Amino acid sequence: MKAMELVGEKWIEIVTCLVISTTLMRSVSGSESECIFPAIFNLGDSNSDTGGLSAAFGQAPPPNGITYFHSPNGRFSDGRLIIDFIAESSGLAYLRAYLDSVASNFTHGANFATAGSTVRPQNTTISQSGYSPISLDVQFVQFSDFKTRSKLVRQQGPVHTPLISYLFLVQLQTLFT
């Protein structure tokens, strides 16, 4: 009975996240004016990983990326992710993974998500458990470092507006066994 209650609570969380995401997308895409967010910063797991795990542990092999991008592109998906649709509907470029520094441009945001991430830090390696060692707390530290370094770069010349006006997303799923 306890397991059923946990599953029910998890579904409520999932539906709530979907409602919030849908509302956000409607408010952004339904607007006649230009997007009010100059950038998106995302933390999460495989639902929104645009190449973080691939940058850290090796490229996601085909068929990942084949349908839309026509080649592997770091996403553990055959096509676009929800975060891609949010960026597209906001008039922004697809987010680059923070860990993938090759040819990255973080002008329109950064993605700190990695596939297999968890809320709590793992006490194992990715090969032992299948979960990413880049948990939510690590992603938050990466974001904090990014913000600090961006401020230093901004002091050298105009680069970005203050981070107050940006869109921040945290997307994680939790699996119950």
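Heads up: the structure comes first, above all this text.
Residues numbered from 1 in each chain as written. Predicted model: local features only at pLDDT ≥ 70, side-chain atom pairs only at ≥ 80, totals over all residues. Heavy atoms only, no water.

Chemist: Can you lay out the overall build of the protein for me, pointing to particular residues and giving the numbers?
Modeler: In terms of helices and strands, the protein carries six helices and three strands. Along the chain direction, N to C, the helices and strands of the protein fall in the order α-β-α-α-α-β-α-α-β. Looking at the 177 residues of the protein, the share that counts as buried comes to 32%. For the protein, restricting intrachain contacts to residue pairs at least 6 apart in sequence, the fraction spanning at least 24 positions comes to 60%. As presented, the protein carries roughly 10700 Å² of accessible surface, and 62% of it is formed by carbon and sulfur atoms. (Helix = DSSP H or I, 4+ residues; strand = E, 2+ residues; numbered from the N terminus. Buried < 20%, exposed > 50% of the residue type's maximum accessible area, 1.4 Å probe, protein only. Contact = heavy atoms within 4.5 Å. Areas by Shrake-Rupley, 256 points an atom, 1.4 Å probe, with all protein chains shown as cover.)

Chemist: Mind laying out the pattern of salt bridges, listing which residues take part and the relevant values?
Modeler: Evaluated as defined, the whole model comprises three salt bridges. One salt bridge connects Glu-88 with Arg-80, and the closest N-O pair in it is separated by 2.9 Å. Overall, the relative accessible area of 39% leaves Glu-88 in the partly exposed class. Overall, the relative accessible area of 26% leaves Arg-80 in the partly exposed class. A salt bridge links Arg-96 to Asp-100, with the shortest nitrogen-to-oxygen separation between them at 3.2 Å. Under the relative-accessibility criterion, Arg-96 is labelled partly exposed at 30%. Given the relative accessible area of 24%, Asp-100 is considered partly exposed. (Salt bridge = Lys/Arg side-chain N within 4 Å of Asp/Glu carboxyl O.)

Chemist: I'd like a description of the pairing of strand β1 (residues 40-44), backed by residues and values.
Modeler: Burial analysis of β1 places five of its five residues in the buried class, which makes it a mostly covered element. Side-chain alternation along β1 places Ile-40, Asn-42 and Gly-44 on one buried face and Phe-41 and Leu-43 on a second face that is also buried. Sheet analysis places β1 next to strand β2 (residues 109-111), joined by three bridges and oriented parallel. Paired with Ile-40 across the strands is Gly-109, a residue of β2. (Pairing = 2+ DSSP bridges.)

Chemist: An account of the nonpolar core is requested, with residue identities and associated values reported.
Modeler: If you look at the biggest cluster of nonpolar residues, it comprises nine residues: Ala-39, Phe-41, Leu-43, Tyr-98, Phe-106, Ala-110, Phe-112, Phe-143 and Phe-146. Breaking this core down by element, the ones donating at least two residues are β1 and α6 (136-155). Among the nonpolar cores identified, the runner-up in size contains seven residues, and Leu-81, Ile-83, Ile-86 and Leu-95 belong to it. (Core = buried A, V, L, I, M, F, W, Y, C linked by side-chain atoms within 4.5 Å.)

Chemist: Pulling in residues and values, what's your account of the packing of aromatic side chains?
Modeler: To describe a pair of aromatic rings, one takes the distance between the centres and the angle between the planes. Taken as a whole, this structure holds 10 aromatic pairs when the rule is applied. Here Tyr-98 and Phe-112 contribute two aromatic rings whose centre-to-centre distance is 4.7 Å and whose plane-to-plane angle is 40°, an arrangement assigned as tilted. Taken together, the residues Tyr-98 in the loop between α4 (82-89) and β2 and Phe-112 in the loop between β2 and α5 (126-129) connect sequence positions 14 residues apart. Residue Phe-112 is classed as buried on the basis of its relative accessible area, which comes to 2%. Here the aromatic rings of Phe-106 and Phe-146 are separated by 5.7 Å at their centres, their planes lie at 85°, and the arrangement is edge-to-face. Within this pair, whereas Phe-106 is found in the loop between α4 and β2, its partner Phe-146 is found in helix α6, the two being separated by 40 residues in sequence. The buried category is assigned to Phe-146, whose relative accessible area is 12%. Ring-pair connections join several aromatic residues into one group, and the members of that group are Phe-41, Tyr-98, Phe-106, Phe-112, Phe-143 and Phe-146. Positioned above the aromatic ring of Tyr-94, the side-chain terminus of Arg-75 is 5.9 Å from the ring centre. (Phe/Tyr/Trp six-rings, centres within 6.5 Å; stacked < 30°, edge-to-face > 60°. Lys NZ or Arg CZ within 6 Å of the ring centre and 35° of its normal.)

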